[in-house]
Amino acid sequence: LTDGGSLDVSVQPTLVGAVASELPTFARLPWLTESALDVTTRIIATSAIVRASPDDAAGQAGWESALRNDVADLLNRQRPDGGWSWCPSGCRPDAWLTAWALIGLGEAARADVKVDETAMSNGVSILVGAINRVSDVTSPISPDDRAFFLHALAVAGFGESQRPVINAQFEQYRAKLSPVGQAY
């Protein structure tokens, strides 16, 4: 600073203002093809801003509209089998991407955005299948992966309906969870 440098300070009246100023970082870039994960990340960030904003501030700033548009975009990317995949067509559903999509949709629902229940249920079916699939030496399932999938079910609003699965998985695998899996 003393050698001709500079220091810029920005003060925001609330944490929402500080975080909201970073939302343009997640903006769509017209020359870039977005993945479902890109859209999901933006949904999670925007949902947090909408929930934390005072009264009608989120609507006035256009965040609610942007959130609804992103939810519609993510739902349009859902495969007919209920999951989400890394490519637009021809790829199998990916359990991790499906889990992230359900987390994003769950966060949007918590921000009072209407989310199609059938689409959510179809995604849940993919995750429950991934959690309950037969595991062997050639295709093991990490207990941490299961914990993340169960976390996604809970965030998406299906924690109670999946309580028996969650409890059974927890009892069976809790000793095998790494700190990462325990965090979920």
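Residues numbered from 1 in each chain as written. Predicted model: local features only at pLDDT ≥ 70, side-chain atom pairs only at ≥ 80, totals over all residues. Heavy atoms only, no water.

**Q** Looking at this model, I keep getting lost on the side chain of Glu34. Mind explaining?
**A** Counting through the fold element by element, Glu34 comes out in the loop between helix H1 (15-20) and helix H2 (36-52). For Glu34, the side chain forms a polar contact with the side chain of Arg42, separated by 2.7 Å. The contacts of Glu34, once residues within four sequence positions are left out, are Arg28, Val39, Arg42, Asp73 and Arg77. (Helix = DSSP H or I, 4+ residues; strand = E, 2+ residues; numbered from the N terminus. Polar contact = N/O pair within 3.5 Å; in protein donor to acceptor, adjacent residues only side chain to side chain. Contact = heavy atoms within 4.5 Å.)

**Q** It is not clear to me how the state of the cysteines should be interpreted in this structure. Could you clarify?
**A** As used here, a disulfide is simply a covalent bond connecting the sulfur atoms of two cysteines. For the structure shown, the criterion picks out 1 disulfide. What pairs with Cys87 in a disulfide is Cys91, and their sulfur atoms sit 1.6 Å apart. Because the torsion about its S-S bond is 130 degrees, the bridge between Cys87 and Cys91 counts as right-handed. In this structure Cys91 comes out as partly exposed when scored by relative accessible area, which is 28%. (Disulfide = S-S within 2.5 Å. Buried < 20%, exposed > 50% of the residue type's maximum accessible area, 1.4 Å probe, protein only.)

**Q** Is there a simple way to explain a nonpolar patch on the surface in this structure?
**A** A cluster of nonpolar residues, Trp96, Trp100, Val180 and Tyr184, forms a patch on the protein surface that exposes about 370 Å² of accessible area. Mapped onto the elements, Trp96 comes out in helix H5 (residues 95-110). (Patch = residues over 30% accessible without salt bridge, like charges linked within 9 Å, V, L, I, M, F, W, Y side chains within 5 Å. Areas by Shrake-Rupley, 256 points an atom, 1.4 Å probe, with all protein chains shown as cover. Salt bridge = Lys/Arg side-chain N within 4 Å of Asp/Glu carboxyl O.)

**Q** How should I be thinking about the environment of Arg68 in this particular structure?
**A** Note that Arg68 resides in helix H4 (residues 63-76). Classification of Arg68 as partly exposed rests on a relative accessible area of 46%. Along the chain, Arg68 and Ser47 lie 21 residues apart, while their C-alpha atoms are 9.9 Å from each other.

**Q** Teacher, can you tell me more about the nonpolar core here?
**A** In summary, soluble globular proteins display a tendency toward joint burial of nonpolar side chains. With 37 residues, the main nonpolar core has Leu67, Val71, Leu74, Trp84, Leu127 and Phe149 as its most contacted residues. Taken together, the elements giving at least two residues each to this core come down to H2, H4, H5, helix H6 (117-132), helix H7 (143-158) and helix H8 (163-173). Sequence-distant contacts of Leu127, that is, excluding residues within four places in its chain, are made with Ala95, Thr98, Ala99, Leu102, Phe149, Ala152 and Leu153. (Core = buried A, V, L, I, M, F, W, Y, C linked by side-chain atoms within 4.5 Å.)

**Q** Honestly, the environment of Glu64 in this entry has me stumped. Any pointers?
**A** With respect to the helices, strands and loops of the structure, Glu64 is situated in helix H4. Judged by relative accessible area, Glu64 falls into the partly exposed class, the value being 28%. The sequence separation of Glu64 and Thr46 amounts to 18 residues, and the corresponding C-alpha distance is 8.0 Å.

**Q** How should the packing of H5 against H6 be read in this particular structure?
**A** Packed helices, taken two at a time, are described by the angle their axes make and the gap between the axes. H6 packs onto H5 with a crossing angle of 140 degrees between their chain directions and a minimal axis gap of 10 Å. Between H5 and H6, the crossing angle belongs to the class labelled oblique. When you trace H5 past H6, the crossing you get is left-handed. Here Ala95, Thr98, Ala99, Leu102, Leu105 and Gly106 of H5 come into contact with H6, specifically with Met120, Gly123, Val124, Ile126, Leu127 and Ala130. (Axes fitted to C-alpha atoms, helices over the stretch in contact; angles between N-to-C directions. Parallel < 35°, antiparallel > 145°, perpendicular 65-115°, else oblique. Left-handed = near helix turned anticlockwise from the far one by under 90°.)

**Q** Even after reading the chapter, I still don't get the side chain of Asp73, so can you show me in this structure?
**A** As for its position among the elements, Asp73 is in helix H4. When residues no more than four places from it in sequence are discounted, the contact partners of Asp73 are Arg28, Glu34 and Val39.

**Q** Help me understand H6, please; the structure alone is not making it clear to me.
**A** An α-helix turns once every 3.6 residues. As a result, residues three or four positions apart point the same way. Spanning 16 residues, H6 covers 22 Å between terminal C-alpha atoms, matching the ideal 22 Å at 1.5 Å per step. Among the residues of H6, Ala119, Met120, Gly123, Val124, Leu127, Val128, Ala130 and Ile131 are the ones counted as buried. Those residues of H6 that are buried are in contact with H4, H5, H7 and H8. At the N-terminal boundary of H6, the capping side chain belongs to Asp116, with an oxygen 2.9 Å from the backbone nitrogen of Thr118. (Expected span 1.5 Å × (residues − 1).)

By themselves, these are just geometric observations and shouldn't be taken as functional.
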